[in-house]
Amino acid sequence: MARASVVGTGMTDFGVYTKPIAELFADAALPAMEDAGIENGDVDAFYFGNVLGGAILNETHLAPQVASHIGLPPGTSVQRYEDACATGSLALKHAVRAVETGEHDVVLVGGAERCTPAGTGIETSEMTRIFGSGAHRQYEQAPGMTTASVFALHTQRHMHEYGTTEEQLAEVAVKNHYHGSMNSRAQFGEEKTVEEVLESPVIASPFRLLDCCPFSDGASAVVVVGESAAESYGVEPVDVAGISHQANASPVADQPNPPSTEMVRRAARDTFDQAGFGPGDVDVTEVHDCFTGAEILALEALGLVEDGRAGPATVQGRTRLTGDIPVNPSGGLKSKGHPIGATGTAQIVELTEQLRGESGERQVEDSTRALAHNVGGMTATAVVTALEART
C-alpha cells in the first residue's frame with residue numbers, strides 16, 4: 001500500500017480568539033492549501049477536529065459549516081472528529097488511510113478550538129470542569145478528578161518507582177519555554193527558570209502552575225495526498241511513514257501499569273513497524289506535554305530513553321534542540337499552547353517544517369525522520385505518527 005504525504009501546512013498563532021470557529025480555521029486552512037498549491041475544488045475530503053464546540057459555543061455539526069466557509073464545493077466528503085486531546089491526530093489517521101487506500105486523492109485535515117476563559121467568557125473553574133468531561137463520568141468525574149490530577153497520579157507513581165524529582169519536571173518546563181521563546185506562534189514564548197517553576201502554586205501535586213499547559217485557542221491544517229503524486233505539488237513532500245492509534249482502559253483505575261502507558265508502547269511499536277525504522281533513528285520529536293510529567297512518561301514509552309531515565313536525560317540537556325534526542329522544538333503544549341482539536345495536526349505542521357528545514361533558529365539540523373505523540377482523555381487514547389523526508 002502506497003504511503004500518504006503531507007504537501008501543505010498552515011497554523012495560526014496560539015492564544016486567545018473571539019472570532020467564530022470557521023473563521024479561525026480558515027486562517028490555517030487557506031495557507032495550507034496555498035502552500036500545497038491547490039484550489040478549493042481540488043479537495044476531495046475534509047476531516048475536521050473539534051472537541052468543545054458543542055459544550056462551549058453551542059456548535060456541534062461543524063464540518064459542513066467550516067467547509068462552506070473555506071469554499072469547499074458541495075459534494076466534498078466532510079466529517080468532524082472528536083477524541084479528546086488526540087482529536088487532530090485521529091482525523092489525520094483517517095485522512096492517511098483514505099489516501100493510502102485510494103478512497104480520496106487530496107484530503108484537507110486539521111482542527112480548531114476556542115476554549116480559553118478570556119476568549120469565551122467562561123470561568124476557569126467551569127472550563128476545568130468541561131475539560132474533565134473526557135473522564136469516566138461515574139468513577140472519575142463524580143469524585144472530582146481532573147486532567148491534572150490523573151496525570152499527577154501517573155507522575156507520582158513514576159517518581160515512586162524511578163526517583164524522578166520535581167526539579168527534573170521543572171527542567172521539562174524550562175526546556176520547552178526556551179524552545180517556545182523562538183517560536184513566534186507560541187502562546188507563552190517567554191523563558192522560565194527552574195526556580196520560577198518550583199515557586200509557582202501547586203495545582204495537583206507534584207504539578208505546579210508552570211508544570212501545566214494553558215487553555216488555548218487556535219487552528220492548524222495540513223494537506224495529505226498520495227506519495228506517488230506528492231512531487232507534483234511544487235513543495236518538498238514529507239511522507240507519513242507510519243501512524244497507529246491505540247486505546248487504554250477507562251477509568252484509569254483499570255489500567256494495569258499506568259506509568260508504563262502501555263497504549264503508547266503498542267502504538268509506537270506498530271508505527272515503527274510500518275515505518276521500517278526505530279526510535280534510535282528519530283531525529284526530532286513532538287510529544288504531548290500537557291503536563292511536564294507527561295513528557296517524561298512519553299519519552300520512555302516511545303523508547304527514546306530507557307525507563308526511569310527521562311528525568312536525568314532532560315537535566316543533561318539531551319532533549320534540547322542541540323541534544324541527541326530533541327523534543328518539542330515548537331515549545332510543546334507547555335509553551336506553544338494546546339487548542340485541543342488543533343494540537344495533533346499542529347505537531348505535524350511543526351515536524352513537516354522541521355523536515356523541510358524551514359524552522360529558522362529552532363531548526364534541528366539534518367533532520368530526516370520525525371515522530372509525533374498525541375494523547376487523549378485521561379490517558380485513554382494515543383496516536384503515534386512517524387514522518388520521513390524525501391532523500
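Residues numbered from 1 in each chain as written. Predicted model: local features only at pLDDT ≥ 70, side-chain atom pairs only at ≥ 80, totals over all residues. Heavy atoms only, no water.

Asks: Would you mind showing me how to read helix α1 (residues 21-36) here?
Replies: Between its terminal C-alpha atoms α1 stretches 23 Å, which fits the 22 Å expected from 16 residues at 1.5 Å a residue. Remark: the principal bend of α1, roughly 30 degrees, maps to Asp27, with a proline, Pro31, within the next four residues. Inspection of α1 places Ile21, Ala22, Leu24, Phe25, Ala26, Ala28, Ala29, Ala32, Met33 and Ala36 among the buried residues, and these make up the whole buried set. Where the residues of α1 are buried, they touch β1 (4-11), β2 (45-49), α2 (53-57), α3 (62-69), β4 (106-113) and β7 (218-226). (Helix = DSSP H or I, 4+ residues; strand = E, 2+ residues; numbered from the N terminus. Expected span 1.5 Å × (residues − 1). Bend = angle between axes of the 7 residues up to and from the residue. Buried < 20%, exposed > 50% of the residue type's maximum accessible area, 1.4 Å probe, protein only. Contact = heavy atoms within 4.5 Å.)

Asks: Mind showing me how you'd approach the packing of α1 against α3 here?
Replies: For any two helices packed against each other, the geometry is given by the interaxial angle and the distance between the axes. In the contact formed by α1 and α3, the axes pass within 9 Å of each other and the chain directions differ by 55 degrees. It follows that α1 is oblique to α3 by the angle criterion. In this structure, α1 meets α3 at a crossing whose hand is right-handed. Taken together, the residues of α3 that come into contact with α1 (itself represented by Ile21, Ala22, Glu23, Phe25 and Ala26) are Leu62, Val66 and His69. Broken down by class, the residue content of the contact of α1 with α3 amounts to six nonpolar, one polar and one charged. (Axes fitted to C-alpha atoms, helices over the stretch in contact; angles between N-to-C directions. Parallel < 35°, antiparallel > 145°, perpendicular 65-115°, else oblique. Left-handed = near helix turned anticlockwise from the far one by under 90°. Nonpolar A, V, L, I, M, F, W, Y, C, P; charged D, E, K, R; others polar.)

Asks: Looking at this structure, how should I read the nonpolar core?
Replies: Among soluble globular proteins, nonpolar side chains are generally buried collectively. Core analysis: the biggest nonpolar cluster contains 39 residues, and Val264 and Leu302 have the highest contact counts within it. Residue contributions to this core peak at six residues, all from helix α12 (residues 262-275). Not counting residues within four places of it along the chain, the set of residues in contact with Leu302 comprises Val264, Ala268, Phe272, Pro279, Thr285, Val287, Leu371, His373 and Val384. In terms of nonpolar packing, the next biggest core, distinct from the first, is built from 36 residues, Val107, Val238, Ile243 and Leu387 among them. (Core = buried A, V, L, I, M, F, W, Y, C linked by side-chain atoms within 4.5 Å.)

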